[in-house]
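Below are the chains, spelled out letter by letter.
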Amino acid sequence: MDAPGLPLGDNEIGIDLGLKNQVMCSDVDAPYSRENLTRTHEAALGMAQRARKKPRVKAIHRRIAHARKDWAHKTTTAIVNRATLVVVGNVSSAKLSKTRMAKSVYDAGWSQLRTLLEYKARRLGVTYREVNEAWSSVTCADCLARSGPRGLSALGVRVWTCAACGGVHDRDHNAAHNILRCGRATLSGIPRL
Ligand SMILES: [Zn+2]
């Protein structure tokens, strides 16, 4: 492998991977999100399948995969280019793939995003970490109380207030901050959350 380059940016960035907001970074307020590609092409795909037009079905699948990859490349490049540390949660699609969110999980392409982040980070000499994100969405990033909404039903809750300190949190943004803290802890040897 070639010697890594030097980081272009100096931000330490925690990343929460999600379904609706596919990528939320701790250092910016707005998420990186795109349309659900599977859903966008669902009708056309169904029609082609029912008509048994195999080449058409293949072409639509290719278009979806291409759009997903293109978006993932642009997003991960933008993130890594301003970073010196990138920390991402180890959210697993297997856990959610049997739920009603299965299609969104598949569409989100989390492992593709992680693969690209790691590859680009290595190339630029940016430190890359994956951390256990089990408590990231229920832990208050201000006071560390586990006071957030829990369970699958909580996925619909975007904003919550910490019962312990009164802090108001955007769920994904709060999670991104917790993920960053876990990543920093792995660097300094402090036990994780
Ligand atoms: Zn709190």
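Everything below is about the structure shown above.
Residues numbered from 1 in each chain as written. Predicted model: local features only at pLDDT ≥ 70, side-chain atom pairs only at ≥ 80, totals over all residues. Heavy atoms only, no water.

1. A look at the packing of helix H2 (residues 42-50) against helix H3 (residues 54-80)
Relative placement of two packed helices is described by the angle separating their axes and the distance separating the axes.
Then, in step 1: Taken N-terminus to C-terminus, the directions of H2 and H3 make an angle of 155°; their axes are 8 Å apart at the nearest point. In terms of orientation, H2 lies roughly antiparallel with respect to H3. Considering the relative orientation of H2 and H3, their crossing is left-handed. Between H2 and H3, the contacting residues are Ala44, Leu45, Ala48 and Gln49 on the first element and Arg56, Val57, Ile60 and His61 on the second.
Then, in step 2: Of the residues contributing to the contact of H2 with H3, the split by class is 5 nonpolar, 2 polar and 1 charged. (Axes fitted to C-alpha atoms, helices over the stretch in contact; angles between N-to-C directions. Helix = DSSP H or I, 4+ residues; strand = E, 2+ residues; numbered from the N terminus. Parallel < 35°, antiparallel > 145°, perpendicular 65-115°, else oblique. Left-handed = near helix turned anticlockwise from the far one by under 90°. Contact = heavy atoms within 4.5 Å. Nonpolar A, V, L, I, M, F, W, Y, C, P; charged D, E, K, R; others polar.)

2. Quick word on the packing of aromatic side chains
Aromatic ring pairs are reported here in terms of the distance separating the ring centres and the angle at which the planes meet.
Then, in step 1: Going through the model one piece at a time under the given rule, you end up with 0 aromatic pairs.
Then, in step 2: A cation over an aromatic ring shows up here: Arg34 above the ring of Trp71, its NZ or CZ 5.1 Å from the ring centre.
Then, in step 3: Cation over ring: Arg146 sits above Trp135, and NZ or CZ is 3.7 Å from the ring centre. (Phe/Tyr/Trp six-rings, centres within 6.5 Å; stacked < 30°, edge-to-face > 60°. Lys NZ or Arg CZ within 6 Å of the ring centre and 35° of its normal.)

3. Some details on the coordination of the zinc ion
Reference values for coordination geometry: four tetrahedral donors around a metal ideally subtend 109.5 degrees, six octahedral donors ideally subtend 90 or 180 degrees.
Then, in step 1: The coordination sphere of the zinc ion contains the protein donors Cys140 (SG), Cys143 (SG), Cys162 (SG) and Cys165 (SG), at a distance range of 2.3 Å.
Then, in step 2: Between the 4 donor atoms coordinating the zinc ion, the angles at the centre fall across 106 to 114°, so the site counts as tetrahedral.
Then, in step 3: Taken in chain order, the donor set of the zinc ion reads C-x2-C-x18-C-x2-C.
Then, in step 4: The buried category is assigned to Cys140, whose relative accessible area is 0%.
Then, in step 5: Judged by relative accessible area, Cys143 falls into the partly exposed class, the value being 34%. (Donors = N, O, S within 2.8 Å, 3.2 Å for Na, K, Ca; no water. Tetrahedral: all angles 85-135°; square planar, octahedral: opposite > 155°, others 65-115°. Buried < 20%, exposed > 50% of the residue type's maximum accessible area, 1.4 Å probe, protein only.)

4. Quick look at the side chain of His41
Then, in step 1: Mapping His41 onto the fold places it in the loop between helix H1 (37-40) and H2.
Then, in step 2: Looking at His41, the relative accessible area reads 15%, which means it is buried.
Then, in step 3: Not counting residues up to four positions away in its chain, the partners in contact with His41 are Ile60, Arg63 and Ile64.

5. What to know about H2
Then, in step 1: Where H2 is concerned, the buried positions are Leu45, Gly46 and Ala48. Each buried residue of H2 lies within a common arc of 165° when the element is viewed along its axis, so the set occupies one face. In this structure, H2 carries Ala43, Met47 and Arg50 as exposed residues pointing more than 90 degrees from its buried face.
Then, in step 2: Contacts from the buried residues of H2 go to H3. (Arc of directions from axis to C-beta.)

Take it as geometry only, folks, not as evidence of what the structure does.
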